[in-house]
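Results of the structural survey
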Amino acid sequence: MAIWLVAGILLMAAADPDPTTETSHTVTSGETLGGIANRAEVPRVLIIEANGLKAPYALRTGQKLVIPRRRIHTVKDGETGFGIAMDYGVPWSAIATASGIDPKGPVKTGQKLTVPTMAKAIAVAGPTEPASDAPPPTASSAASEPAVLKNGPAPAFRWPIEGKVRRGFIAKVGDKAWHDGIDILADKGIAIRAAAAGKVIFAGDGPKEYGKTVILFHSGRWTTTYSYLDQITVKDGEDVRAGERIGLNGQTGLASQPQLHFEVRNDRVPLDPAKYLPRSPTRK
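Residues numbered from 1 in each chain as written. Predicted model: local features only at pLDDT ≥ 70, side-chain atom pairs only at ≥ 80, totals over all residues. Heavy atoms only, no water.

1. Describing the packing of aromatic side chains
Each aromatic ring pair is specified by the distance between its two centres and by the angle formed by the two planes. What the rule picks out here adds up to five aromatic pairs. Seen in terms of ring centroids, phenylalanine 157 and tryptophan 222 are 6.2 Å apart; in terms of plane orientation they differ by 65 degrees. Their pairing is edge-to-face. One end of the pair, phenylalanine 157, is in the loop between strand E6 (152–153) and strand E7 (165–167); the other, tryptophan 222, is in strand E12 (residues 222–229), and 65 residues separate them in sequence. Its relative accessible area of 5% is what places phenylalanine 157 among the buried residues. (Phe/Tyr/Trp six-rings, centres within 6.5 Å; stacked < 30°, edge-to-face > 60°. Helix = DSSP H or I, 4+ residues; strand = E, 2+ residues; numbered from the N terminus. Buried < 20%, exposed > 50% of the residue type's maximum accessible area, 1.4 Å probe, protein only.)

2. Some remarks on the packing of helix H2 (residues 33–40) against helix H3 (residues 44–51)
Between H2 and H3, the least distance of the axes is 9 Å, while the angle of their chain directions is 110 degrees. On the basis of the axis angle, H2 is roughly perpendicular to H3. H3 is crossed by H2, and the crossing has right-handed handedness. Residues Leu33, Gly34 and Ala37 of H2 form the contact with H3, whose own contacting residues are Arg44, Ile47 and Ile48. In the contact of H2 with H3, the residues fall into four nonpolar, one polar and one charged. (Axes fitted to C-alpha atoms, helices over the stretch in contact; angles between N-to-C directions. Parallel < 35°, antiparallel > 145°, perpendicular 65-115°, else oblique. Left-handed = near helix turned anticlockwise from the far one by under 90°. Contact = heavy atoms within 4.5 Å. Nonpolar A, V, L, I, M, F, W, Y, C, P; charged D, E, K, R; others polar.)

3. Looking at the confidence of the model for the chain
Mean pLDDT over the chain works out to 81, with 80% of the residues at or above the 70 mark. Low pLDDT (under 50) marks residues 120–148, which in the prediction has 59 contacts with non-local residues, meaning those over four places away or in another chain. (pLDDT = per-residue confidence, 0-100.)

4. Notes on the sheet that holds strand E9 (residues 191–193)
Strand order across the open sheet formed by three strands is E9-E15-E13, with antiparallel pairing between neighbours. At either margin of the open sheet sits one strand with a lone partner, and together these are E9 and strand E13 (231–232). Relative to strand E15 (residues 245–248), E9 runs antiparallel, the two sharing three bridges. When the sheet's bridge partners are listed, arginine 193 is paired in E15 with arginine 245. (Pairing = 2+ DSSP bridges.)

5. Re the nonpolar core
Core analysis: the largest hydrophobic core is formed by 27 residues, its most contacted members being Phe157, Val214, Tyr226, Ile246 and Phe262. Sorting the residues of this core by element identifies strand E8 (182–185), strand E11 (212–218), E12 and strand E16 (259–266) as the ones contributing at least two each. Beyond its immediate sequence surroundings of up to four residues, phenylalanine 262 is in contact with Pro160, Gly181, Ile182, Ala195, Thr224, Thr225, Tyr226, Pro273 and Leu277. Counting 18 residues, the second-largest nonpolar core is a separate cluster that includes Val75, Ala85, Val115 and Tyr210. (Core = buried A, V, L, I, M, F, W, Y, C linked by side-chain atoms within 4.5 Å.)

Structure (structure tokens):
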């Protein structure tokens, strides 16, 4: 009898996961967002943001919700919100909100930040605005087939803007000068477009050398960075489509003339964008 009682208790425990530790929740009949948040001990606003819920936040039976369990990050010397967002693949605005700090303010060494779990962005193919039919620019080095790294193949990147490549990628070797991306010359105000579908994890003033910057997080821990912008036309946390306008070309940061600084990274490691972009049809 005792054995059956213990077995029954174990089965009940397996069937009813602890709401204070579960990372996903299937809505049952009669449940409300407030009730789920209270039982999970997670602020209601974080569940709303993690699942992209819209007012009036009505739930349906069987709906699966991400419960954003928090991770704690202790700021190290020299770190910025710009880099922390890139590390975790979580919008800086979401980290700042969860941590109760001003997203426009600096972070401090030793400061503890709360990093919420975000729902996985859905990549949607196709631009939301018509892209130009003109051929993309050519790079200073021939593009190769996308490499397969430890996190999987690169997305099918496209050129974010048309123009001459003023400065190419230079890998960091010792103390020699390096350049983590490519600089593409184009008139001020020209639309900058997402090189692939992804989520905006940073949109604002980057480190002084970058100026106004947008960072997109793509599947497989790939990121693309767009700097020197005159204007930013997307918001932190927003999902964007390949080819969607994310900003306007400019001359901010250390740019000496209107141009786009464009980077491709995998797990924060800078890679030569020319090797992941399509070859211009004008080249043999």
